[in-house]
Every structure is written in structure tokens, then in C-alpha cells.
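# Tertiary structure, described
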Amino acid sequence: MESHARVVVIGGGVTGCAILYHLAKMGWRDVVLLERKELTAGSTWHAAGSLFALTSPSSAAVLQKYTIELYPKLEAESGQSCGYHPVGGIHLARTDDQLTALQILRSRGKRNGIESEFISVEEAHRLAPILDAKGLKAVLYEPLKGYCDPASVTQAYAKAARDLGAKIYRQTPVTGTRPHPAGGWTVVTPEGEIRTDYVVNAAGLWAREVAALAGIALPLQPVEHHYMVTETIPEIAGLGREIPNISEPSGGYYARQEGKGLLLGAYESKCVHWAEAGTPLDFSHELLPDDLGRIEANIARAVQALPCLETAGIKRVINGPMIFSPDLGPLLGPYPGLKGYFCACGVMSGFNQGGGIGKVIAEWIIEGEPSIDVFFWDVTRFGDWAAKRFTRERTKFFYEHRTDIVYPFQEFTAGRPIRTFPIHDRLADRGAVFGFNFGFEYPLWFARKGEQPVDCYGYGRGNWFDAVGEECRAIRDGVGLLEISTFAKYEVTGNGVAAWLDHLLANRMPRTVGKTVLSPMLSAKGRLIGDFTVSRLGEERFLLLGSGPMQRYHLRWFAQNLPADGSIRVENLTARYCGLHIAGPAARELLQAVADENVGGNALPFLSAREMTVGPCPNAIVVRVSFTGELGYEIYTPAEYQRTLYDELVSRGKAVGLRLAGSRALLSLRVEKGFPSWGVDISPDYSPFEPGLGRFVRLDKPDFVGKASAQRLAEAAPKERLATFVVEANGVDCFGGEALYRDGELAGYVTSGTYGHHVKESLALGYVRPQYYEHDAAFEVELLGKRCPARLSQRARFDPEGTRMRT
Ligand SMILES: Cc1cc2nc3c(=O)[nH]c(=O)nc-3n(C[C@H](O)[C@H](O)[C@H](O)COP(=O)(O)OP(=O)(O)OC[C@H]3O[C@@H](n4cnc5c(N)ncnc54)[C@H](O)[C@@H]3O)c2cc1C
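Residues numbered from 1 in each chain as written. Predicted model: local features only at pLDDT ≥ 70, side-chain atom pairs only at ≥ 80, totals over all residues. Heavy atoms only, no water.

### Some thoughts on the environment of Gln98
Note the cut-off: Numbering of helices and strands runs from the N terminus; a helix is a DSSP stretch of H or I covering at least four residues, while a strand is a stretch of E covering at least two. Summary of the burial criterion: residues with accessible area below 20% of their type's maximum are buried, those above 50% are exposed, and those between are partly exposed, where the area comes from a 1.4 Å probe applied to protein chains only. Any two residues whose heavy atoms approach within 4.5 Å at even a single point are treated as in contact.
Take Gln98: it is sitting in helix H3 (residues 96-110). Judged by relative accessible area, Gln98 falls into the buried class, the value being 9%. Measuring from C-alpha to C-alpha, the distance between Gln98 and Ala277 comes to 38 Å, with 179 residues separating the pair along the chain. Once you skip the residues sitting within four places of it in the chain, Gln98 turns out to touch Leu92, Ala93, Glu248, Pro249, Ser250 and Ile405.

### What about the nonpolar core?
Heads up, the rule is: By convention a nonpolar core is built from buried Ala, Val, Leu, Ile, Met, Phe, Trp, Tyr and Cys residues, the set being connected through side-chain atoms within 4.5 Å.
Counting 59 residues, the largest nonpolar core has Val9, Tyr157, Val200 and Ile361 as its most contacted members. Ranked by residues supplied to this core, first place goes to helix H1 (residues 14-25) with eight residues. Residues in contact with Val9, not counting those within four places in the same chain, are Gly16, Ile19, Leu20, Leu23, Val32, Leu33, Leu34, Val200 and Ala202. Counting residues in each nonpolar core, the second largest holds 44 residues, with Phe542, Met550, Val697 and Val705 among its members.

### Focus on the pairing of strand E14 (residues 253-258)
Definition in use: At least two DSSP bridges between two strands are required for those strands to pair.
Counting buried positions along E14 yields five of six residues, so the element is predominantly enclosed. The sheet contact formed by strand E13 (residues 245-247) and E14 spans two bridges and is antiparallel. If you follow Ile246 over to E14, its bridge partner there is Ala255. The turn linking E13 back onto E14 is made up of five residues, and Ser250 within it adopts a positive phi angle of 65°. Both E14 and strand E15 (residues 261-266) contribute to a ladder of six bridges, which runs antiparallel. Bridging from a neighbouring strand, Glu258 pairs with Gly261 of E15. Taken together, E14 and the strand that follows it, E15, pair antiparallel across an intervening segment of two residues, in which Gly259 is found at a positive phi of about 60°.

### What to know about the packing of aromatic side chains
Note the threshold: Here is the rule: rings of Phe, Tyr and Trp (six-membered ring for Trp) pair when centre to centre is within 6.5 Å. Planes less than 30 degrees apart are stacked, more than 60 are edge-to-face, and the remainder are tilted. Here, a charge over a ring means that NZ of Lys or CZ of Arg falls within 6 Å of the ring centre while also lying within 35 degrees of the ring normal.
Enumeration over the complete set of coordinates arrives at 32 aromatic pairs. Here a set of aromatic residues connected by ring pairs shows up, and it is made of Phe382, Trp385, Phe390, Phe436 and Phe438. The cationic tip of Arg787 hangs over the ring face of Tyr741; the distance from NZ or CZ to the ring centre is 3.5 Å.

### Focus: the side chain of Ser523
Within the secondary structure layout, Ser523 lies in the loop between strand E23 (516-522) and strand E24 (528-538). The exposure class assigned to Ser523 is buried, which follows from its relative accessible area of 2%. Once you skip the residues sitting within four places of it in the chain, Ser523 turns out to touch Glu369, Ile529, Trp557, Val705 and Gly706.

### Description of the sheet that holds strand E25 (residues 541-546)
The test is simple: Orientation is described by axes fitted as lines to C-alpha atoms, over the contacting stretch for helices, and by angles from 0 to 180 degrees between their N-to-C directions.
Read from one edge of the open sheet, five strands run E23-E24-E25-E22-E26, paired in antiparallel fashion. In the strand order of this sheet, the two ends are held by E23 and strand E26 (568-572), each with one partner. Across the sheet, the mean angle from the axis of one strand to that of its neighbour is 30°, orientation sign disregarded. Of the strand pairs in this sheet, strand E22 (residues 488-494) and E25 are connected by six bridges, and their pairing is antiparallel. Looking at E25, one finds that Glu491 is bridged to Leu543.

### A short note on unusual backbone geometry
Leave glycine aside and you will find that most residues have negative phi; peptide bonds, for their part, are mostly trans. Cis peptide bonds are those with omega within 30 degrees of zero, and the linkage from Ser56 to Pro57 qualifies with -10°. The step from Arg416 to Pro417 runs through a cis peptide bond, and the omega angle for that step is -5°. Note on placement: Pro417 falls in the loop between helix H10 (388-400) and helix H11 (424-429). Of note, the phi angle at Leu328 is positive, near 70°, even though the residue is not glycine.

### So, the sheet that holds strand E29 (residues 617-624)
If you walk across this open sheet you meet the six strands as E28-E29-E30-E27-E21-E31, and the pairing is mixed. Two strands bound the open sheet, and with one partner strand each, they are strand E28 (608-614) and strand E31 (659-661). Sheet twist, expressed as the average angle between the axes of neighbouring strands with direction ignored, equals 30°. Of the strand pairs in this sheet, strand E27 (residues 577-583) and strand E30 (residues 632-638) are connected by seven bridges, and their pairing is antiparallel. Considered in E30, the bridge of Leu580 is made with Ile635. The sheet contacts of helix H16 (residues 642-653) involve strand E21 (480-483), E27, E28, E30 and E31, and relative to E27 the element is tilted by about 15°.

### Points about the site of the ligand
Keep this limit in mind: Being near a molecule or strand, for a residue, means having at least one of its heavy atoms within 4 Å of it. In protein, a polar contact means a hydrogen-donor-capable atom and an acceptor-capable atom, both N or O and within 3.5 Å, with residues adjacent in sequence counting only if both atoms are side-chain atoms; elsewhere, any N or O pair within 3.5 Å suffices. The nonpolar class holds Ala, Val, Leu, Ile, Met, Phe, Trp, Tyr, Cys and Pro. Asp, Glu, Lys and Arg form the charged class, and all remaining residues, Gly among them, are polar.
Taken together, 39 residues form the shell around the ligand, and within it Thr15, Glu35, Arg36, Thr44 and Val347 come nearest. One of the backbone N or O atoms of Gly49 is found 3.0 Å from an oxygen atom in the ligand. Note that an oxygen atom of the ligand is positioned 2.8 Å from one of the backbone N or O atoms of Gly350. Mapped by element, the contributors of at least two residues to the shell around the ligand are H1, strand E12 (221-230), strand E16 (314-324) and helix H9 (350-367). Residue composition of the shell around the ligand, grouped by class: 20 nonpolar, 17 polar and two charged.

### Some points on the environment of Thr486
Here Thr486 lies in the loop between E21 and E22. Accessibility expressed as a relative area gives 6% for Thr486, which makes it buried. When neighbours within four sequence positions are excluded, Thr486 is seen to be in contact with Phe421, Asn437, Phe440, Tyr442, Gly548 and Thr574.

### What about helix H18 (residues 707-715)?
Stated formally: Arc definition: directions from the helix axis to the C-beta atoms.
Buried residues of H18: Lys707, Ser709 and Ala710, and no others. Across the axial projection of H18, the buried residues extend over an arc of 155°, all falling on one side. Facing away from the buried side of H18 by over 90 degrees, the exposed positions are Arg712 and Glu715. Looking at the buried positions of H18, the neighbouring elements they touch are E23.

### Describing the pattern of salt bridges
Just so we agree on the cut-off: For this analysis, a salt bridge means a side-chain nitrogen from Lys or Arg found within 4 Å of a carboxyl oxygen belonging to Asp or Glu.
Considering all chains together, one arrives at 50 salt bridges under this definition. With a closest N to O distance of 2.7 Å, Lys396 and Glu400 form a salt bridge. Of the two residues, Lys396 and Glu400 both sit in helix H10, four residues apart, roughly one turn of that helix. Lys396 sits in the partly exposed class, given a relative accessible area of 29%. You can call Glu400 buried: its relative accessible area is 19%. Of the charged contacts, one joins Arg426 and Asp647 as a salt bridge, the two residues approaching to 2.7 Å between their closest N and O atoms. Note that Arg426 is positioned in helix H11 and Asp647 in helix H16, a separation of 221 residues in sequence.

In short, the description is geometric, and any link to function would need to be established separately.
The structure is reproduced here in C-alpha cells:
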């Protein structure tokens, strides 16, 4: 075994082998994979191998499509069969909501070229004569569905990687990973040690144990999962061709052909966790005792669609463990604080996701960043708060509800609450309905007297619609108070901090104390990796405000870019500081009533910030910015002042009609203003020029991270442009993901949707190809399966000149 390699991948399941292959394919041949037993010895060998590409979010669908389309190429390259059967698949709908769920899935797929079409029930029966079409409302056909042979796929990646020069050592368990102070790692095995620049933890069922070798804990928990394979089914045997895969939303099962019978997999309605205390080190090509009783309900539902199951003999029952993160998505990317340590763990669906994961991990290592946004799978989306109990409860909930319909704006209460800000109980007493943001509870909306403070989900307007309307109007006409403590807050200090931030961020940093700017943060390739409000609070002291869920991601990036001499300090204030936002024409009057200093006239102009005494707090930081389009102030204080400041604002606010508001009101107000929001309308999938943030990129300043790429992108035409759409929706609103058409041609997609309660229009923000970016042009938006007329507006629907927020 070599004593040095550029990358050591730990784990020879489908994930590790796909990563090794992609590293070698991208030209890094000096790469090694270590497998404790034999390849496939974790979850991989007993997987069902079912394939599908239609999924959310959009980038996950891109990666799944990539993975599936790779199989024929991999077979050709390696000379090894993947057992790939591109038989297509059908999704069945029995209820209106199931049909709508499929219509949404189909519309979303269009953005990424994932085709699907509704076929008649008769056609479905022709494709799968074992299907009982009784009670079916609709059938969606997805050509990319199919299945593969898990062991063959893994061997094909391994063979192709070896052919390119990569090395694989079996029966070589990793027993230690030691970081070196100067960078790089030593990977310890009984066969010797390997010095390497990068370690990739792709240890699947043992990812927790391998993580522990590096001193870290990952939020992962294995669960048991059943499928069974039937004996020959005569209707299938006599067909002379294969039937498509079959599944249904809320069905709790998936079925596909296996030999001349069926394979039926089940998401049990009672999740059973496995190996909570740790995965046994001697577990290998083994199964767990099966218990068909646990999947009886799933079988009953499947029998309704596939009556042949009732009489089919059972050839094999598989109960195997697979390992999940709290949202069942993989944990990918560089682990914060461990230079050169990558995670590729918790891969739920390795045969759909493995190729895509291999690609993005290889890009991340070799090129420094993945080619598409993978934040939804980034290891940094969870913090320390995602501890054992949370992981246990979330994995249980999401496993048991794996095939359930997820409604627009749906929040999940499992495992919550974990972290609350000090006024949580006060807001709850006032009818707050809470959402979840990086472990914290925050208000979505406030139920009015006589209303239940709970979300009722469906495809129409939510039960919060009228209350949110009142919150919006209160902000446009008077003043509203929003709890914004979940915004990420970083204090950046040190000698030369302005110059450092000027290098890290794309806008020019404020030259004078008290000024605020908005600034994108770019990757080396010029992609958006952050969007901050930056305030200069002192000569060598700045406050950065950004997206809450991105905080670990941002801290990882800051740490990578900090000078080695320790001259700059970044402190995450998010959990220690709280934020209250007052917005509306009466916001100044209210602030003046609680502030010790004059805040009128030019004392605190738009885009300024000042530390001052506000109410009980001697050192509140007041930032004058606006995401609502109104005069607004964000007031940040140490957490211990939040209750008393809140009480004072509420008490003083009575005179000016203060109303509490939540994030759903903010959505409506910001979309009226055409303001994009991080993670929804803007992400690493875009350069700053597509969403119209180019004005915050100062190409005339000295070098900064991403400048050369930004310069190139600025000169080229943007791929897409963000616009506002006014939708004739007839009582429903977009919520994101809907396809946009111009003259019948696919022209773009929606990213945010809501009702504009002030402008009284149904609104959406969405991207269109540049040739379609034309003011007042007529579009159609595919909303809940129907094409509705929509008009593109290049101007904000509310106060396009921005006079209100500057008054
Ligand atoms: C019953 C069942 C059905 C499934 N059906 C499907 C399906 O239809 N479609 C789909 O896409 N997915 C399916 N899955 C999920 C799929 O199996 C997993 O997503 C996939 O196998 C995960 O692969 P992995 O490489 O990440 O992990 P694993 O397969 O667990 O591989 C990890 C590897 O790391 C090795 N390792 C661990 N520790 C060390 C160490 N210290 N040193 C060296 N090596 C180490 C292990 O021996 C193992 O080989 C199914 C899973 C189950 C249980």
C-alpha cells in the first residue's frame, strides 16, 4: 500500500466508489479508497436499486438525473454491466391532492429537462397489465425511472476508477485519522499509514464511527428498511417485456419488476431505529431479522394497485439498515474546522444520488467548489443543536412520512422546539405560529383573536392568508414589529479588517463609521455564496448580517479565508444577540419614543447604523435597512435585553398602531418590492448578475475573491434574469418551482410566490431566459397543473423608486 495519496476515500460502498471514479475521471489519479471488508459491505449490497429523477429541490433533481444518465456511459467505459433497466415508471394518483402533487412534480422537473407526461389509465394498464386501475384519478409517466443492480453499479465505478489509475484496498479498515498542524492527514490502517491531503468519510453505516476518529459527531442515525421479492408472477412472466416501476404519493411503497416477479419496498409507518449506540464493527454483508407484520399496512395499500401481490409467493424478504440525517438528505462537503476533511455520509438513495455526489465532491476537492448549489445537502446545514434526540425524532418522522405529500409552506414539528429566543413565550401568547430556522423557533404569522394558532395546509391559500394580509397592511400604513433574531450576525474585528472584507466581499466596504452597504460574497468562480448587510461600527469593527441557515457555511468560508497571523477575528453573534425589526411609516416615531438619541432628520439615514441606547439596552445596534420596502430599523441587542425592549416597543407602539408580523408578511412585502431572498431566489446557482445584484459588485476595486470570474460574467449575457410576475391566479398563488411559458415555449421558472396584500395582486418572482425579459410581456405560469396568464414586470410592483424606504 502506498504511503502517500492526494485523497483517501474511506468506504467502498456506492458513494465512496462513485467519488473515487469522479476524482480519477477529473484527472487526479493518485487517489486511494480503503474498504474495511469487501466492496458493498454496508447498505449498498442489499439495496433495491430503484431509480427516479423527479424530486425536490431542483439541484437534487439535477444530480439524480446526472446519476441515472451516467449508467450507460459507465457500462461502456468500464465494460462492466450496471444491471441498468431503463424501464420508466408510473406515479399513481387517487385523490385530487395526489394529482396536484404530481402536477407540481412534473412542472418542477421541466426546469431541469426531466420529462414526464400524464398518460391515460388505459395506457398505464397497457404498460403494466398487473395494475388495477380502479379508483385511479391520474397516472404520471417518468421515463428516467428504472432500476439497476447495486453491486454491479458499485463494481463498475470501482473498475472504471482502477482503469484510470486509482487504487482500492479491500480488507483494510481505517482505525485512525490524524490531522497535521500544517495541513493534510495521516490515515491509519493495520496495513500501514497513508499521508494524504484530503480524507473523505464515505463510510455509510459507519460514518459516525469514522467521524469519531477525527473527533467529530455527525447527526446520523440508521433505520431498518424492508423490501420483499415475490416468486414469478404469471402476468409478468407472460408479458415478454418489463413493466415500469410503480409508486404513489402517500402510498408508503414502491414496486418494480425483479426477474419475473415484483420487488415491493415499504416505508414502514412505524420507523425502527437500529444501532443507536453505534454500528457494530463486525457487521458486514448481513441482514436484520425481518418482520413482515411491520409492513402489512404498506402491503395492503400496494395490493389495491397490484392485486397479484395478494397471491404471489414471497421468495425473499430483506430487512437492511440504512443511515439518515435528520432530514434524510446526505451530509456533504468540507467539515468546518477540519481542513481537508470531507463528508459524503448519510446517503439515502445512493443509486439515484451516488453519481451526482461523486461529481460534486470531486469538483469541491479539485476545483474548490461544486458546480451547482448543494447547500440543501451540505453538512453545515446542521449545527450542534442537531443532537441525538433531534436526529432520532426527525429521522423517525421523515422516514414514516417519506412518501407523504409536502404542501406549500409546510413546516414540520418533529423534534422541536430546541432553541428559542427570550420573547418566544410572549409571541406564543400573542398567537404566533412558529417556523424552524437553524434550530431556532421564529414567528411565521400571528393568529387573530378567535383563530387557532396552527397552520392548515393544502393547495389553496392557507388559513393564515387574512391574518398575514392585516400584518402587511399594518406595515404599509403604520408600523409592524418582526422578530428577526434568526438572521445570522457576525462581528468582524481586527487590524486591517476593512481591507480584509474588501477582499472577501464584492461591494466596496463603507469608508466611514456608521455607514451600511449591501454586499454579495462570491466564490472564485463568481457564483453567489452569500449576501450580506455590512455596517461599519468602528474603525476596525464591522457587523455582517446574513441568512440564518447559512451561518455554518459562511463561518467555514470565512475561516478558509482568514489571514494566518490571527489579525482578524470573526465572532458569530447569532445565538447571543437578538433582533427586532420595526417597519412602516410610523417606525421612526416609534424608534424615537424608545431611543435616547435623535433618530430623525438626517441623524440615521437609509443605509446607516449606529450603536445607541434603545429602551433598556445601552448598546443596541440599530441598522437602517429595509426588506419590506418601508422605512425600517433593525435593532440588535444582547439576548438579555430582548424581553424588556420588546415590552417597551409594544407598550410605546400602541400609540402608533403597532402590530406583530411574521415572515409570511415579510414574503408578501418583499415580493411586492421585487427583493430576492437567499436560498429561495438567490443561491450559488446564480452569479450576481442574474438576480440583478450586479450593482453591488465593484469591479473597479482592487482584486477581491471572484473578481476575475465576475468580470467575465459581467461581460457575457446572463443566462437568466429575475423578474416579477403578476399572475391571474383566481384565488391561488404561486409558491415556487412553477414552470413559466412564453408563446407556448418553456421560458423559465418561479422561485417565490405570494399574494401582494398591499398591491392586491397575485405575485411571483422567477427567472426567464434573457430573450424573454420584456416589460409587460404575456406569459403563462403552470400553477397547480393549470396554465394561468401572467405578465412580466421589470419594475417592482410597490414603490419602484424606493422613496418609502429612504424617507
Ligand atoms: C433495504 C434497502 C433498500 C434500498 N433501496 C434503495 C433503492 O432502491 N435505491 C437507492 O438509490 N437506494 C436504496 N437504498 C439505499 C442505499 O443502499 C444507500 O443509499 C447506499 O448504499 C449508501 O451507500 P454508501 O456507500 O454511502 O454507504 P454503505 O453502503 O454503508 O458503504 C459504506 C462502506 O464503508 C465501509 N467502511 C465503514 N467503515 C470503514 C472503515 N473504518 N474503514 C474502511 N471502510 C469502512 C463499509 O464496510 C462499507 O462498505 C436502500 C437501502 C436499504 C437498506
